[in-house]
Amino acid sequence: MRLPKLLPYFLPVLLFCYGTIQGQSNLIRAEKQKLSSVKDSIGYINSINRLGMLYHMRNLDSALYYSIKAKEMATRLQYPKGVADADNVIATIFAMRGMYQESLQLLTQALSAYSAQKDSANVSQVTINMSNVYGSLNDSTKALNLLRQVIRTGSKDSIMSLAYANYCMANSTLSDDSSQYYINKTREIASRYNDYRMLIGVKELESDFLLKKGRIKESLKVLADALAEARKYELNEQEIYLLNSYARYYKNQPDSALHYAWSSYQLAKENGYVVALIPLLQDVLSFTELLGNKDKIISVQKLLETTMAEENENLKKFVGDYIKYNIIQGDNAVLSIINKNSKTKIWLLVSICVVSLFLLLFMYRLYQVSRKHESELGKLNRQILEQNKTLQATDEFKNKLFSILAHDFRTPLISTISIAGLMKDNPEFTKEEMEQFYGDIEKRASDMLESFDIILQWIKQQLSGYQYKAETLVLHDLFSESADIVMPQMTPKKITLSNQIPKYVIATSDKEMLQFVNRNLLSNAAKFSPEGGTITISCTQDDHLITISITDEGRGMDEQTLSKLFSVSSNFGSSTQHGAGIALSMCKDFIQKLGGRIWAQNAEPNGAIFSYSIPLKA
């Protein structure tokens, strides 16, 4: 399978990439540094939207995380451009996951928002994005009509170079003169705005054009110039595609073609361009098969099998991220409805039902996509067939998971519906009583959301299996990071955090597992601390172990609670086992995976101490 051309994938990044040219890694690093110093909310939203766009070719989960966060903030602050920018990124992610209808729906929303703001550059950019989605659906008529619309009415700025380039690529019926015209127009506009990325892309277009006319030496010279410039500016994403173009040019010389195809794959692997890995490996496999070396063919097949399996696991993780996205959207709706009259509250219940139905339909759609992907894996060899059996067992686990979720959330939902019905049927309640009812509804919704978030993390552990990654960690800094996340719980209660871990104390362990434990222990301490209380973080160490202790000033626990504190395992299902119980069970699992242990005890004269010990070195 040939790797898609590079230019259409510039769309979500281009709008934010004017200025000094940099490689994508440098842009991501610079934007993260800038994010820590942004003071105003609008600037912060714009910055995380930009991060979402920059991540779209590397890590779709990270791109979705930043765009969801940006959309939630922009919606809450009523910042329409921020919402439209986030929709644009999410639509791009959906398109790259094969969810074209969902992508077109969000692009339509973004187009409407940009039109209302009279943002002609973004109107053109989103229209080009829609054209590419229709092209992926093999609807060339709509794709070309949209590009003609941009060329005819679009803004007169650098975005037009992209419109001309895409039209030249998408329209296979163009004559030589017409193709040369659009290439020249693209180069003219890109030169005017010093758009080096597009100028390199123009050279690839020109190379293709010369090759079709049989001018092979000229074609390869232009391609070589483009590759040299991509390397000069450290544009890894373009270098990957240009190396792949070299492989296509040498398709009749399998040795040379394989060299360039493998170089393209290696560069993509080293720089984290996971979206391109499977098509690149498929090219490597096709050229390897032409050489007829069975050992190399088997080796590449195994590598392709592993990469496709990882992509399949990423697709499953994407389900969890998308569920979180819908939960955030639903939560925004709940917060809006609470401020309206009692009649609107009825629509809240209807909205919840609709969102739930949508989630079920979406998960079924993802299930179908997953099965299709498994079918492709099954065509490689008998080893892939064995893996399909494992994936089938995973599907059965997901079906069982539906039953668990329905069981765990049925009781609080029924209780919430009952309260809403009581409020509807008894309008004579006092203001204080109504406020108490509102508080109960909000608390139940928050508890369910907390439980859902914990369950989703547990799902990730059960479905995909966690890959242990040891790194050197400064424990003082880890707790500072965790404290920033828990601070919204502590600030309203005026809780003081005392981080007494010396900055020289380090451990070699898995950061993600350890931070999950730290966040949950700090969150529990904040939850049970009195107003004005102090949470103290301390540590001791010997030659082999580091022991961390988190002490609060709450009311402590009775012996029965202490004895059952970590007893909730991954095999949960009781409607009473929510939130903290599941979280502490997962903390215990993670600490045991790290080779340590976790325990709790009462403090004197009051409060509780949660402690865990881990090895100094993995």
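Residues numbered from 1 in each chain as written. Predicted model: local features only at pLDDT ≥ 70, side-chain atom pairs only at ≥ 80, totals over all residues. Heavy atoms only, no water.

A. Spotlight on the pattern of salt bridges. With the rule as written, the count across this model stands at 14 salt bridges. The salt bridge partner of Arg76 is Glu72, with a shortest N-O separation of 3.2 Å. Highlighted residues: Arg76 and Glu72, both in helix α4 (residues 60–76), separated by four residues, approximately one helical turn. Note that Lys203 is salt-bridged to Glu229, the shortest N-O span being 2.4 Å. Note that Lys203 is positioned in helix α11 (residues 196–212) and Glu229 in helix α12 (residues 216–232), a separation of 26 residues in sequence. For Lys203, a relative accessible area of 21% corresponds to the partly exposed category. The exposure class assigned to Glu229 is partly exposed, which follows from its relative accessible area of 24%. (Salt bridge = Lys/Arg side-chain N within 4 Å of Asp/Glu carboxyl O. Helix = DSSP H or I, 4+ residues; strand = E, 2+ residues; numbered from the N terminus. Buried < 20%, exposed > 50% of the residue type's maximum accessible area, 1.4 Å probe, protein only.)

B. Main features of the environment of Phe94. Within the fold, Phe94 resides in helix α5 (residues 80–96). The spacing of Phe94 and Leu104 is ten residues in sequence and 9.1 Å in space, taken between C-alpha atoms.

C. A look at the packing of aromatic side chains. In total, this model carries eleven aromatic pairs according to the counting rule given. Centroid distance Tyr65 to Tyr66: 5.1 Å. Interplanar angle 70 degrees. Geometry classified as edge-to-face. Owing to a relative accessible area of 42%, Tyr65 belongs among the partly exposed residues under this scheme. With relative accessibility at 14%, the residue Tyr66 sits in the buried group. Ring plane angle 15 degrees and centroid distance 5.7 Å describe the contact between Tyr250 and Tyr260, whose orientation is recorded as stacked. Residue Tyr250 is found in the loop between α13 (236–249) and α14 (254–270), and its partner Tyr260 is found in helix α14; the two are separated by ten residues along the sequence. Three or more aromatic residues link up through ring pairs in this structure, and these residues are Tyr164, Tyr167, Tyr181 and Tyr182. (Phe/Tyr/Trp six-rings, centres within 6.5 Å; stacked < 30°, edge-to-face > 60°.)

D. Geometry of the sheet that holds strand β6 (residues 597–602). Taken in spatial order, the five strands of this open sheet run β2-β4-β5-β7-β6, and their pairing is mixed. Every other strand in the sheet has two partners, leaving β2 (496–499) and β6 as the edge strands with one partner each. Strand-to-strand, the axes of this sheet are offset by a mean angle of 15 degrees, without reference to chain direction. Strand direction decides the pairing type here: strand β4 (residues 534–541) and strand β5 (residues 545–551), joined by six bridges, are antiparallel. The residue bridging Gln541 from the neighbouring strand is Ile546, located in β5. Sheet contacts for helix α20 (residues 475–490): β2, β4, β5 and β7 (608–615); angle to β2, the most-contacted strand, approximately 175 degrees. This element, helix α21 (residues 511–528), spans β2, β4, β5, β6 and β7 of the sheet and lies at about 170 degrees to β7. (Pairing = 2+ DSSP bridges. Axes fitted to C-alpha atoms, helices over the stretch in contact; angles between N-to-C directions. Contact = heavy atoms within 4.5 Å.)

E. Spatial organisation of α21. An ideal rise of 1.5 Å per residue puts 26 Å on 18 residues; α21 measures up with 26 Å between its terminal C-alpha atoms. A large share of α21 lies buried, amounting to 13 of its 18 residues. One side-chain oxygen of the residue at the start of α21 lies 3.1 Å from the amide nitrogen of Glu512, identifying that residue as Asp510. (Expected span 1.5 Å × (residues − 1). Polar contact = N/O pair within 3.5 Å; in protein donor to acceptor, adjacent residues only side chain to side chain.)

F. Highlighting α14. In this model α14 runs 24 Å from its N-terminal to its C-terminal C-alpha over 17 residues, within 8% of the 24 Å that 1.5 Å per residue would give. Looking at α14, one finds that the buried residues are Ala257, Leu258, Ala261, Ser264, Tyr265, Leu267 and Ala268. Taken from the residues just after α14, Gly272 is the one with a positive phi, measuring 80 degrees.

G. How the structure looks around the side chain of Ser207. Mapped onto the elements of the fold, Ser207 is located in helix α11. Within the structure, the side chain of Ser207 is placed 2.7 Å from the side chain of Tyr249, a separation counted as a polar contact. If sequence neighbours within four positions are ignored, Ser207 has contacts with Ser219, Val222, Leu223 and Tyr249.

Geometry only, nothing functional implied.
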